[in-house]
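Chain and residue survey
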Amino acid sequence: MKLFSCWQNILIVTGLAFSCAGQGSASELAETANRVAVERFAEASQLATQPPWNAWVTQESETLRGWMTAPRDNPRWSAGWAHDLADPRTGAFLSWAPSMNCQQFGAEATRTFKACIFMQRQHNIAMMLTAARLYRLTGKVEFAEWAAAQLDVYQSIYASPSTDKSAPSGKLFLQPLDESTVAASLADTARLLRGHVPAERVEGWCRNLLLPMGRAMLGAQREVHNVAVWYGAGASIMAMECADAAMLESATAGKFGLLNLLKTGVSQDGFWFELSPQYQSYVATALTDLLISASLRGEASRFEEVGAYLQRLMMAPSQVAFGGGDGPIINDMNRPVQIPDLALAKRARRVIPTDVGIAESQKSPGWSELLDPVTDVPHPLKFPVFDASAKSYTWVGGLRSLYLKDEGWVALLRAGQAERFHAHQDALSVELKFGNTWVLRNSVSPAYGSELHRAFYKLAASYSGPLVDGNGSSNWFKPVSRTRTDGKGVSAEFDGFAKDISVSRALSVDGNRRFTDAVTFKNITPANATAAASAAVARSTGVLYHSDCTLPAPALDKPDEVLAPLKLSPHIKGWSLIHMNAALKSFTLQCGQQQFLFAVSGSRPFRIWRGESPALAPARQRTALYIELEAGQGGWLSTALSPSN
């Protein structure tokens, strides 16, 4: 924004200082104390009269007034599931904007209308908090009255019996999870309006809205997962705002209290056990909201241990960085997550100040920057810096993955799942990048309500991995049998990857910038099998790759007896045969401006099929390559990639 061309100077003048990115260390992490977040409305009111803040505050006020001109919520409306606001063709989320009219989706009972109301209600709650802040900043009563009226609407919704039989546990939203994600905004609005509205009105909000929501969250606690962390954080925030000591104790120290959830769910190396980088950030965001809320209510010391977990969750992904801010896409993820996660670092810098978070806060204005500029952290926590020249062959236990970084190549080999939540069938799949060029890149997931999510994106056919009889691992949660990390590369092996077959995959770089991917299939003969039965085992084995690169090879005339690999997935289309009847073949792989020599070899002749597979963010078609050995017992396939420039 041109209004803020002097933004960085303004923050420096207010006393902000920080160190540039440097290598973080475990000892630094252990010794870094949580910061106590504050709100300085008196100082902010003075800043709001001066450039550039005066223009930003005017813009916030005008946007809010525009939103206030019409009723934006109605107790009659049911807020549904955000994942129903999706393109039925691709599964991609439909873009929502404050100007969207939910009536375009038809009757109020439709799932898409309810999903639109979900987005609108979330935005209305955010605007409600903005109104309360503007009231405290400017003293303009119109903002306080509108914010209080919104809380009254939500109180009436929560106090009334639900008319939506599809929503047995949530009132404002379909599920308590969605209510927990707005807990901080609801509680902060009530807190900021104290002193303006009668105490009885605030007590009514606590009695009829905030505390019942907190109880619903705790009542929904059943097991350890990311949702449970949000429940614990949301209930804790409601309890602190409404001074319910018993609820606060249950939310923090109960059977499924926050500390027990974090002790169970966070690995020693700092990864959340659902293994998805997006859900790692999601959990960290819940803890961030909790720590800020606790700070503003004088309860920061209660959550010091939670702050230590937050630090670990923020820093751990740096162990599997691909460079350029890229990280892996694992399990359910609706968006790629940067390493470091810039949005999370900025949000958390009020309680966990980091070099990256402070730097991000300089780039654009916001309420956190106005009310709580970080000026008292001479040595913020530093995120590790990606070093492309440093060789690494590492087992990353908390992520069930093997990480390779050598001679410009970065790869992640998946070697197991932890829990069923958000898991995908991705055993022995690989993501691969050379310098700034992605060669093998997983797609993010579509909306969870999409048929494509269930029938393609969760399954092995959407990953770059080995297949037996057209399928991935028969047991998604089978522990890896063996792993290896040494100067020669990394490898993982699953006994019983499929019935009577073990599969191993080894990745290496040979010293001449040549990356090799070797997949080996071994028949496992049952102890009671007859000799004839053992000799008769002949399975279809191959490796599937997905890439945004192109492989410009001519299609061959397909013999009638050769069948296209349609059974892999009906969502991979346009198969053409580009190689057959030999055990060695080379191609040129074009990846943007980067070319690679792509050489394939096998233990016996193989076929190579080229097709198109769907991918998201953005929605597109990418190249699918399926390399299949001639039917037989066991065998191996090896691909080598060498940059040509």
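Before going into details, it helps to say that this report is about the structure given with it. Every value quoted in this text rests on a predicted model; they were computed, and no experiment measured them.

**Observations concerning the packing of aromatic side chains**
Summed over all chains, the structure comprises 15 aromatic pairs. Their ring planes at 45° and their centres at 5.2 Å tell us that Trp230 and Tyr282 sit as a pair that is tilted. In this pair, Trp230 is assigned in helix 10 (residues 226–241) and Tyr282 in helix 13 (residues 277–296), connecting sequence segments 52 residues apart. Overall, the relative accessible area of 4% leaves Trp230 in the buried class. With a relative accessible area of 23%, Tyr282 lands in the partly exposed category. An angle of 35° between the planes, with centres 4.8 Å apart, marks the rings of Phe322 and Trp438 as tilted. Of this pair, Phe322 sits in the loop between helix 14 (304–315) and helix 15 (342–348) while Trp438 sits in strand 5 (residues 437–440), placing them 116 residues apart in sequence. Per residue, the accessibility class of Phe322 equals that of Trp438, and both read buried. In this structure an aromatic cluster arises from ring pairing among Trp409, Phe434, Phe515 and Phe596. Above the plane of the ring of Tyr158 lies Lys171, whose end atom (NZ or CZ) is 5.3 Å from the centre.

**Quick word on unusual backbone geometry**
Backbone torsion omega between Pro51 and Pro52 reads -5°, so that peptide bond is classified as cis. With respect to the helices and strands, Pro52 occurs in the loop between helix 3 (41–47) and helix 4 (53–68). In this structure, Pro618 follows Ala617 across a cis peptide bond, with omega equal to 0°. Its identity as a non-glycine residue notwithstanding, Ala617 has a phi of 60°, on the positive side. Inspection of the secondary structure assignment puts Ala617 in the loop between strand 13 (594–615) and strand 14 (620–629).

**Section: the packing of helix 4 against helix 5 (residues 111–138)**
Two elements in contact, helix 4 and helix 5, have axes whose closest approach is 10 Å; the angle formed by their N-to-C orientations is 130°. For the element pair helix 4 / helix 5, the angle class is oblique. Between helix 4 and helix 5 the crossing geometry is left-handed. Residue-level inspection shows Val57, Glu60, Ser61, Thr63, Leu64 and Trp67 of helix 4 in contact with helix 5, the latter providing Gln120, His123, Asn124, Met127, Thr130, Ala131, Leu134 and Leu137. For the contact of helix 4 with helix 5, a count of residues per class yields seven nonpolar, six polar and one charged.

**Overview of the nonpolar core**
Judged by nonpolar contacts, the single largest core of 111 residues is most densely connected at Leu137, Leu172, Leu186, Leu193 and Trp272. Dropping the residues within four chain positions of it, Leu193 is found in contact with Ala132, Tyr135, Ala144, Ala147, Ala148, Leu151 and Trp205. Judged by nonpolar contacts, the second largest core, of 46 residues, contains Phe494, Phe596, Phe606 and Leu637.

**With respect to the state of the cysteines**
Considering all chains together, one arrives at three disulfides under this definition. Two residues, Cys102 and Cys116, share a disulfide whose sulfurs are 2.1 Å apart. Residues Cys102 and Cys116 are joined through a disulfide that is left-handed, its torsion about the S-S bond being -75°. In this pair, Cys102 is assigned in the loop between helix 4 and helix 5 and Cys116 in helix 5, connecting sequence segments 14 residues apart. Note on accessibility: Cys102 and Cys116 belong to one class, buried. Here Cys206 engages in a disulfide with Cys242; their sulfurs sit 2.1 Å apart. Between Cys206 and Cys242, the S-S torsion sits near -85°, and that sign places the bridge as left-handed.

**Description of the environment of Leu186**
Along the chain, Leu186 turns up in helix 8 (residues 183–193). Taking the C-alpha atoms as reference points, Leu186 and Trp205, separated by 19 residues in sequence, lie 9.6 Å from one another. Excluding its chain neighbours within four sequence positions, the residues that come into contact with Leu186 are Ile125, Met128, Leu151, Tyr154, Leu172, Leu210, Met213 and Met238.

**Concerning helix 8**
The buried fraction of helix 8 is high, at eleven of eleven residues. Within the sequence span of helix 8, burial applies to Ala183, Ala184, Ser185, Leu186, Ala187, Asp188, Thr189, Ala190, Arg191, Leu192 and Leu193. Positive phi shows up at Gly195, right after helix 8, with a value of about 95°.

**Here we look at the pairing of strand 2 (residues 401–406)**
With six of six residues buried, strand 2 is to be regarded as a mostly interior element. Here strand 2 shows a buried face lined by Ser401, Tyr403 and Lys405 and a second buried face lined by Leu402, Leu404 and Asp406. As paired elements, strand 1 (residues 392–396) and strand 2 share five bridges and run antiparallel to each other. Following the sheet pairing, Thr394 is matched in strand 2 by Tyr403.

**Focus on the side chain of Ser180**
Along the chain, Ser180 falls in helix 7 (residues 176–181). A residue is classified by how much of its surface remains accessible, and Ser180, at 2% relative accessible area, is buried.

**Description of the environment of Gly204**
Mapping Gly204 onto the fold places it in helix 9 (residues 199–219). Separated by 52 residues in the primary sequence, Gly204 and Asp152 have C-alpha atoms spaced 9.0 Å apart. Here Gly204 is in contact with Gln155 and Leu209, once residues within four sequence places are set aside.

**Focus: helix 9**
Helix length check: helix 9 (21 residues) gives 28 Å between terminal C-alpha atoms against 30 Å at 1.5 Å per residue, within 8%. The largest bend in helix 9 amounts to roughly 40° and is located at Cys206. Turning to helix 9, its buried residues number three or more, namely Val202, Gly204, Trp205, Cys206, Leu209, Leu210, Leu211, Pro212, Met213, Gly214 and Met217. Those residues of helix 9 that are buried lie in contact with helix 6 (141–159), helix 7, helix 8, helix 10 and helix 11 (245–253).

**Notes on the sheet that holds strand 5**
Ordered by their spatial adjacency, five strands build an open sheet running 1-2-3-4-5, and the pairing between neighbours is antiparallel. The sheet terminates laterally at strand 1 and strand 5, the two strands that pair on one side only. Across the sheet, the mean angle separating the axes of adjacent strands is 15° when strand polarity is ignored.

**Observations concerning the pattern of salt bridges**
A complete count under the given rule lists 29 salt bridges for this structure. The salt bridge partner of Glu241 is Arg297, with a shortest N-O separation of 2.8 Å. Of the two residues, Glu241 is situated in helix 10 and Arg297 in the loop between helix 13 and helix 14; the sequence distance between them amounts to 56 residues. With a relative accessible area of 16%, Arg297 lands in the buried category. Here Arg514 and Asp510 are joined by a salt bridge, their closest N and O atoms 2.8 Å apart. Linked by salt bridges that have partners in common, Glu39, Asp188, Arg191, Arg194, Glu241 and Arg297 make up one network.

What counts, and where the lines are drawn
Residues numbered from 1 in each chain as written. Predicted model: local features only at pLDDT ≥ 70, side-chain atom pairs only at ≥ 80, totals over all residues. Heavy atoms only, no water. Phe/Tyr/Trp six-rings, centres within 6.5 Å; stacked < 30°, edge-to-face > 60°. Helix = DSSP H or I, 4+ residues; strand = E, 2+ residues; numbered from the N terminus. Buried < 20%, exposed > 50% of the residue type's maximum accessible area, 1.4 Å probe, protein only. Lys NZ or Arg CZ within 6 Å of the ring centre and 35° of its normal. Axes fitted to C-alpha atoms, helices over the stretch in contact; angles between N-to-C directions. Parallel < 35°, antiparallel > 145°, perpendicular 65-115°, else oblique. Left-handed = near helix turned anticlockwise from the far one by under 90°. Contact = heavy atoms within 4.5 Å. Nonpolar A, V, L, I, M, F, W, Y, C, P; charged D, E, K, R; others polar. Core = buried A, V, L, I, M, F, W, Y, C linked by side-chain atoms within 4.5 Å. Disulfide = S-S within 2.5 Å. Pairing = 2+ DSSP bridges. Expected span 1.5 Å × (residues − 1). Bend = angle between axes of the 7 residues up to and from the residue. Salt bridge = Lys/Arg side-chain N within 4 Å of Asp/Glu carboxyl O.

Shape descriptors only; they carry no functional weight alone.
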